[in-house]
Amino acid sequence: MKKVELHLMGPHQRAKYEALAGVLKALAHPTRLFIVEELARQGPRCVCELTERIGADISTVSRHLALLKKEGLLSTTKQGTMIFYHLRFPCVVNFLECLHSALAEQMEEKLHLLLKQVGEEQGVY
C-alpha cells in the first residue's frame, strides 16, 4: 500500500496565502474591479477622471484607490499637482477575464437548465 504524504501549511505558505487573500479582498468590490479594468483599458488616470467615470464622490474613490495601492496593485506618479494612478500588474486583468468567462458559462448552464425545466413542465422535452 502506498503511503500518502501529508503537506501541512507552514508559516511561509501561510504568509503567502494571507498576502494573496489581501489582494483578493482588495479586488472584492465592484468599484475597485471597475477601477482595475478602467486603468487596464485606458491607462493612467487621476482621481478626478475616475470619480467622473464611477459617479461617486472623490473621497469614496480616493479610499478605493488607497486600498488598491496599499495591496500593491496600483502605483502613482505625480505630474504637477495631479496624481495619476497606474495598474502595476496588467496581468491581473487575465484573472478577471477568467472570472468573466466562468460567470458567463455558469449563466449559460443555468439558462439551459431553466429552459429544460420549463420545457419539461410544458411537455416539450
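All chains use their own residue numbering, which begins from 1 and follows the written sequence. The model is predicted, so local features are restricted to residues of pLDDT at least 70 and side-chain atom pairs to those at 80 or more, both for listing and for counting; the totals for chains, interfaces and linings are taken over all residues. Side-chain metrics rest on all non-hydrogen atoms present in the structure, leaving aside hydrogens and water.

Okay, the side chain of E38 next. Counting from the N terminus, the helices are the DSSP runs of H or I reaching at least four residues and the strands are the DSSP runs of E reaching at least two. Looking at the secondary structure, you find E38 in helix α2 (residues 30–42). Only protein chains enter the area calculation, which uses a 1.4 Å probe; residues under 20% of their type maximum are buried, those over 50% are exposed, and those in between are partly exposed. Given a relative accessible area of 3%, E38 falls into the buried group. Whenever a nitrogen or oxygen atom comes within 3.5 Å of another N or O atom, the pair is scored as a polar contact, on the condition that within protein one atom can donate a hydrogen and the other can accept it, and that pairs from neighbouring residues in sequence are kept only if both atoms are in side chains. Of the polar contacts made by the side chain of E38, one reaches the side chain of R41; its length is 3.1 Å. Residues count as neighbours in contact if any of their non-hydrogen atoms are within 4.5 Å of one another. Apart from residues lying up to four places away in sequence, E38 is in contact with G43, L50 and R53.

With that out of the way, let us pick up a nonpolar patch on the surface. Together, L111, L114, L115 and V118 make up an exposed nonpolar region whose accessible area comes to about 350 Å². For V118, a relative accessible area of 34% translates into the label partly exposed. Patch construction takes residues with relative accessible area above 30% that form no salt bridge. Like charges are linked within 9 Å, and nonpolar side chains (Val, Leu, Ile, Met, Phe, Trp, Tyr) are linked within 5 Å. Computed by Shrake-Rupley with a 1.4 Å probe, the accessible areas treat only the displayed protein chains as cover when residues are assessed. Throughout this description, the term salt bridge denotes a Lys or Arg side-chain nitrogen within 4 Å of a carboxyl oxygen of Asp or Glu.

The domains assigned to the protein chain are domain 1 (9–89) and domain 2 (91–125). Domain start and end points were adopted from an automatic or database domain assignment. If you average the C-alpha positions of domain 1 and of domain 2, the two centres end up 30 Å apart. Here the quantity called buried area is the total loss of accessible area, with a 1.4 Å probe, experienced by two parts when brought into contact, counted for both. In total, about 580 Å² of surface goes out of reach between domain 1 and domain 2, with carbon and sulfur atoms giving 79% of it. The tally of links from domain 1 across to domain 2 stands at 3 residue pairs in polar contact (both at pLDDT 80 or more). Secondary-structure elements contributing two or more residues to the side of domain 1 that touches domain 2 are α1 (11–27) and α2. Counting residues per element, the side of domain 1 that touches domain 2 draws most heavily on α2, at 4 residues. Amino acids outside the nonpolar list (Ala, Val, Leu, Ile, Met, Phe, Trp, Tyr, Cys, Pro) and the charged list (Asp, Glu, Lys, Arg) are all regarded as polar, and Gly is one of them. Class assignment for the residues of the side of domain 1 that touches domain 2 results in 7 nonpolar, no polar and 1 charged.

A separate point is the nonpolar core. Remark: nonpolar core denotes a set of buried residues (Ala, Val, Leu, Ile, Met, Phe, Trp, Tyr, Cys) joined through side-chain atoms within 4.5 Å. Among the nonpolar cores identified, the biggest contains 17 residues, and V36, L39, L65, L68, L74 and L87 are the most heavily contacted of them. Two domains each provide a minimum of three residues to this core, namely domain 1 (9–89) and domain 2 (91–125).

Here the structure, examined in full by the defined rule, presents 3 salt bridges. For R41, the salt bridge goes to E38, with nearest N and O atoms at 3.1 Å. Residue R41 and its partner E38 are both found in helix α2; the two are separated by 3 residues, about one turn of the helix.

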